[in-house]
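# Structural description and commentary
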Amino acid sequence: MLRYFGIVAVVLACSAGNASAFWCFTCTTFNSTNCLLPDQNVLLAECPPSPDVSALTCFTRVVGRDVERGCVTSLAQNERDNCALVNNCQLCSNENNTACNGNLFPHGRLHCHQCEGSTNSTCSDEIQTEATSCLRFAADDQCYVQVRDNTVVRGCLTENEACSSSRDCHVCAGNGCNFRHFEHSAAGSVMAQVQLLLGAVLLSAFAAKSL
């Protein structure tokens, strides 16, 4: 019997020794903007070895509206089993000891122009540069331009949701759609308000005529 337990102990020790450690990006955009697209030399952490995890090493997933990256060994078994793109979760395998979970996730997330400045700044002009990824993720996210007093702000609606119900805010759908000169965006917002008001007046007139 003692010999049997001795053999088991040796086998377990060998298994633990064969389970080599690996590296993954471990972070969340909740407290680190760098986690959106982590640099190779930042936010890397060594993951503890585990005989239960072999081919799959790292994960990336959306929690709420934030991206979380980490080691597969930190996930519970049911979390690993349910991790799929349909759930905004992805498992991956390292190659050549390079962390595999550093790509932009989810693929195809919204890009908006993001800046703030006076009405005389470059942020107020028609934007010529490329739009950048939104920090928070929502499938129905949109871009916006807000003009308040002498300040122009461009960004992603997930970071300024109150903007959608504000008269000084113009919201649009599609990557980089908030590129126009602020006066054009402001005019668009005014026209939208006028159309809504006109529709309400016509509806009231029709209702009164029907009585």
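Per an unreviewed UniProt entry, the protein chain carries the name DUF753 domain-containing protein and comes from Anopheles dirus.

Right, let's get into the sheet that holds strand β5 (residues 66–71). Read across the open sheet, the four strands follow the order β2-β5-β4-β6; overall the sheet is antiparallel. In this open sheet, the two strands that pair with only one neighbour each are β2 (27–28) and β6 (89–92). Note: strand β4 (residues 58–63) against β6, four bridges, orientation antiparallel. Bridged to Phe59 within β6 is Leu91.

If you trace the backbone, Thr57 turns up in the loop between β3 (44–47) and β4. For Thr57, the contacting residues outside a window of four places in its chain are Phe22, Cys24, Cys71, Val72, Cys92, Ser93, Asn94 and Cys100.

Now for the pairing of strand β11 (residues 151–156). The side chains of a regular strand alternate, residue by residue, between the two faces of the sheet. With respect to burial, β11 is a largely interior element, five of its six residues being buried. For strand β8 (residues 115–118) and β11, the ladder comprises four bridges, and the chain directions are antiparallel. If you follow Ser118 over to β11, its bridge partner there is Thr151. Note that strand β10 (residues 143–148) and β11 share six bridges and pair antiparallel.

A separate point is the environment of Ala131. Mapped onto the fold, Ala131 is located in the loop between β8 and β9 (132–133). Once the C-alpha coordinates of Ala131 and Leu110 are considered, the two residues, 21 residues apart in sequence, prove to be 9.1 Å apart. Leaving out residues up to four positions away in the same chain, Ala131 has contacts with His111, Cys112, His113 and Gly176.

Here the focus is the pattern of salt bridges. Going through the model one piece at a time under the given rule, you end up with five salt bridges. We note a salt bridge from Arg61 to Glu68, for which the minimum N-O separation is 2.9 Å. On the basis of relative accessible area, Arg61 is assigned to the buried category, the value being 18%. Accessibility expressed as a relative area gives 24% for Glu68, which makes it partly exposed. Several salt bridges share partner residues, and in doing so they unite Arg61, Glu68 and Glu79 into one network.

Per the stated rule, a full pass over the model turns up ten disulfides. The disulfide bridge from Cys163 ends at Cys169, spanning 1.6 Å between sulfur atoms. What sets the handedness of the Cys163 and Cys169 disulfide is the S-S torsion sign, and at about 95° it is right-handed. Given a relative accessible area of 8%, Cys169 falls into the buried group. What pairs with Cys172 in a disulfide is Cys177, and their sulfur atoms sit 2.0 Å apart. Judged by the sign of its S-S torsion, about 85°, the cystine formed by Cys172 and Cys177 is right-handed. We note that Cys172, like Cys177, is buried.

Thresholds applied
- Residues numbered from 1 in each chain as written.
- Predicted model: local features only at pLDDT ≥ 70, side-chain atom pairs only at ≥ 80, totals over all residues.
- Heavy atoms only, no water.
- Pairing = 2+ DSSP bridges.
- Helix = DSSP H or I, 4+ residues; strand = E, 2+ residues; numbered from the N terminus.
- Contact = heavy atoms within 4.5 Å.
- Buried < 20%, exposed > 50% of the residue type's maximum accessible area, 1.4 Å probe, protein only.
- Salt bridge = Lys/Arg side-chain N within 4 Å of Asp/Glu carboxyl O.
- Disulfide = S-S within 2.5 Å.

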